[in-house]
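Close look at the chain arrangement
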Amino acid sequence: MKSGKCMIIQISLGLLVGILMVARVASHDYGDALSKCILFFEGQRSGKLPSTQRMTWRKDSALSDGSDVGVDLVGGYYDAGDNIKFSFPMAFSTTMLAWSILEFGHLMGSEHENALESLKWSTDYFLKATSVPGKVVAAVGNPKGDHNCWERPEDMDIPRTSYLVNTTKPGSEVSAEITAALAASSMVFKSVDSQYSNLLLQRAFQVFQFADQYQGSYNYSVGEGVCPFYCDYDGYMDELIWGAAWLFKATNEQKYWNYVVENIHFLENSVETESNKAVYVGGCFADFGWDGKNAGINVLVSRWVMNTSKSDPFVSYADKFFCTVLPESPTRWVAYSPGGLMFKYGAKSIVNSQHVTATSFVLLVYSQYLTMFNRNIQCGDVAVTPSRLVQLAKIQVDYLLGSNPMGMSFMVGYGQKFPQRIHHRGSTLPSIDKYPKRLKCHDGDEFFKTKDPNLNVLTGAIVGGPDITDKFEDNRSNWKQSEPTTYINAPFVGVLAYFKVYPNS
């Protein structure tokens, strides 16, 4: 969770420059890491599993989802170590997986097909979740009931409540993020299945119109169905602009570009403003994740306007964002651990690796755009080249894969040493193959409390990671460090694809 406000972290610049400027040898198998990063999504699948399922300890689950509202909502992904389908983070994961494929899919090799399959599992679900005009599914499953139980997704006996937003109880942030996911994915599938691609795009039009016409936050419309787990902390205007930007990228239609330009000013200040009786919070230009889209918008749009008269405010804010990340920048905000891992909110960071993977992705994307337009970034009196952005991304990637003071990979199944006790229900409990008897709500408590390693390996899962002192507690009760999420892995797919081909960058 986060506050949605810009936070300044003061640390020793000399120490950080000494750490991060060290040249590191390409010592990781990025291709293997990429394969496992994509495989992770199979462990998060909800619904009827296909015959091609490779993570075989997982079985069919939640086959009646949507029955309470008369809509087929079977499928999609569980967001993390629980058994809830939260559309907001799932949609962001989908957008980032699609963006990963769009930017780096040509580098994925044989994993490209697996990436497409992972993406389609999500887009198929969102077609169902938006199938009724004027309604969008925000979540499926009672989160409080779920978090009170430690049970396999195959055994769930908590209410599978469907939480919807509609014209009288709107949810612009979740609807607009789904718009972005559908629009981005339509481009991915355009050369693969044009009919499916067009279906995604047409639905994106429909959902965006709903999100924009009926503005309001799902914090109030859905309430405890999503809060406090995935409340929108910085307003929904960033998602509306993000959705419009992806629609412009997918269609080149002027009306979507106009929407971006005419509304971007809402995000320029971290203050509340009012428009059309809706309250927006500008958030921070340095936000990028499942909640804040500001930095992502500026990076995405920068490719269209860089070195043109239309570059402001997009390029200037994108540059400014990266200046807050670079350790040698005089306007740096983020903190770094002694081992070199970035911490957006310093010691207060929660599930910190989500910020690491998302930032690493946009570092690589922006480096490509800068190279394309023969630009550098100027951070005060420090000139930053595109290759420096790549270098910083690689340092973060290598840290997560094991180049750290602990000599530990934070991707399950990668390397010789990785987390064994992750906060994940399905991974912790015996598979149905091994224990076919039903496990009720609290029957799994003994497995949660044991100090033994998890029974099933959730290959490719990237956990929250160490604290700011490079310490990691391999304990499933410490969810901030040991829980994996789809939105940690999704941007990392693109990052790993890049380093698979360019390991010495």
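Report follows, based on the coordinates. These numbers were taken from a predicted model, which means no experiment stands behind them. (Residues numbered from 1 in each chain as written. Predicted model: local features only at pLDDT ≥ 70, side-chain atom pairs only at ≥ 80, totals over all residues. Heavy atoms only, no water.)

**Comments concerning the nonpolar core**
Short version of the rule: Residues grouped as a nonpolar core are buried Ala, Val, Leu, Ile, Met, Phe, Trp, Tyr and Cys residues, joined through side-chain atoms within 4.5 Å. Note on exposure labels: buried denotes an accessible area under 20% of the residue type's maximum, exposed denotes more than 50%, and partly exposed covers the range between, all computed with a 1.4 Å probe on protein chains only. Strands are runs of DSSP state E lasting at least two residues, helices are runs of H or I lasting at least four, and both sets are numbered from the N terminus onward. What makes two residues a contact is simply this: any of their non-hydrogen atoms within 4.5 Å.
Trp99, Tyr366 and Leu496 are the most contacted members of the largest nonpolar core, which has 165 residues in total. The element contributing the most residues to this core is helix α6 (residues 172–189), with eleven residues. Apart from residues lying up to four places away in sequence, Tyr366 is in contact with Val299, Ser302, Met306, Val315, Ala318, Asp319, Phe322, Arg375, Ile377 and Leu389.

**Re the packing of helix α3 (residues 87–104) against helix α13 (residues 353–372)**
How two helices pack is summed up by the angle between their axes together with the distance between the axes. This is how it is decided: Axis angles are defined between N-to-C directions and span 0 to 180 degrees, where every axis is a line fitted to C-alpha atoms and, for a helix, only to the segment in contact. Left-handed describes a crossing whose near helix is turned anticlockwise from the far helix through less than a right angle; right-handed describes the clockwise counterpart. Under the scheme applied, nonpolar residues are Ala, Val, Leu, Ile, Met, Phe, Trp, Tyr, Cys and Pro; charged residues are Asp, Glu, Lys and Arg; polar residues are all the others, including Gly.
Contact pair α3 / α13: the axes reach a minimum separation of 12 Å and the direction vectors enclose 35°. Like other packed secondary-structure pairs, α3 and α13 cross with a definite hand, here left-handed. Residues Met96, Trp99, Ser100, Glu103 and Phe104 of α3 pack against Phe361, Val362, Leu364, Val365, Gln368 and Tyr369 of α13. Here the contact of α3 with α13 is composed, by residue class, of eight nonpolar, two polar and one charged.

**Focus: the environment of Leu400**
Along the polypeptide, Leu400 turns up in helix α14 (residues 386–401). Sequence separation between Leu400 and Phe410 is ten residues, and the spatial gap between their C-alpha atoms is 5.3 Å. Those residues in contact with Leu400, other than ones at most four positions away along the chain, are Leu341, Ser353, Val356, Thr357, Met408, Ser409, Phe410, Met411 and Phe492.

**Focus on the pairing of strand β2 (residues 135–140)**
So the rule is basically this: Strand pairing requires that DSSP identify at least two bridges connecting the strands.
When you tally the buried positions in β2, you get five out of six residues, the bulk of the element. Where strand β1 (residues 85–86) and β2 come together, two bridges link them in antiparallel fashion. Bridge pairing in β2 links Phe86 to Ala139. Here β2 runs beside strand β3 (residues 162–166); their pairing, made up of five bridges, is antiparallel. What sits directly across from Val140, in β3, is Ser162.

**Structural notes on the state of the cysteines**
Covalent bonding between the sulfur atoms of two cysteines is what defines a disulfide. Put simply, the test is: Any pair of cysteine sulfurs within 2.5 Å is marked as a disulfide.
Under the definition given, this model contains three disulfides. Disulfide pairing is shown between Cys149 and Cys441; the S-S distance is 1.9 Å. On the sign convention where negative means left-handed, the S-S torsion of about -95° between Cys149 and Cys441 marks this disulfide as left-handed. Here the residue Cys149 occupies a position in the loop between α5 (143–147) and β3, and Cys441 occupies one in the loop between α15 (425–428) and α16 (445–449), the gap between them amounting to 292 residues. Each member of the pair Cys149 and Cys441 is classed as buried. In this model, Cys323 is linked to Cys379 through a disulfide, with the two sulfur atoms separated by 2.0 Å.

**Points about the sheet that holds β3**
Backbone-to-backbone hydrogen bonds pair the strands of a sheet. The strands run either parallel or antiparallel. Taken in spatial order, the three strands line up as β1-β2-β3 in an open sheet, and their pairing is antiparallel. Edge positions in the sheet fall to β1 and β3, since each of these pairs with one other strand and no more. On top of the sheet, helix α4 (residues 111–129) reaches β1 and β2; it is set at about 125° to β2, its chief contact.

**Describing the packing of aromatic side chains**
What counts here: Stacked, tilted and edge-to-face are the three classes applied to pairs of Phe, Tyr and Trp rings, where Trp contributes its six-membered ring and a pair requires centres within 6.5 Å; stacked means planes under 30 degrees apart, edge-to-face means over 60, and tilted covers the rest.
Applying the stated criterion to the full structure yields 36 aromatic pairs. Taking 5.7 Å as the distance between ring centres and 45° as the angle between the ring planes, the aromatic pair formed by Phe285 and Tyr317 counts as tilted. Of this pair, Phe285 sits in the loop between β5 (278–281) and α11 (294–305) while Tyr317 sits in helix α12 (residues 314–325), placing them 32 residues apart in sequence. Accessibility expressed as a relative area gives 18% for Tyr317, which makes it buried. Residues Phe321 and Phe322 carry aromatic rings whose centres are separated by 4.8 Å and whose planes lie at 65° to one another, so their mutual orientation is edge-to-face. By way of ring pairs, the aromatic residues Tyr30, Phe92, Trp99, Phe104, Trp242, Trp246, Phe288, Phe361, Tyr498, Phe499 and Tyr502 are connected into one cluster.

**Comments concerning unusual backbone geometry**
Residue Cys227 is joined to Pro228 through a cis peptide bond whose omega torsion reads 10°. By the element assignment, Pro228 lies in the loop between α8 (218–221) and α9 (237–251). Following Asp312, the chain continues to Pro313 via a peptide bond in cis, the omega torsion being 0°. Its location among the elements puts Pro313 in the loop between α11 and α12. Located in the positive-phi region is Val351, a residue other than glycine, with phi close to 45°. Along the chain, the position of Val351 falls in the loop between β7 (342–343) and α13.

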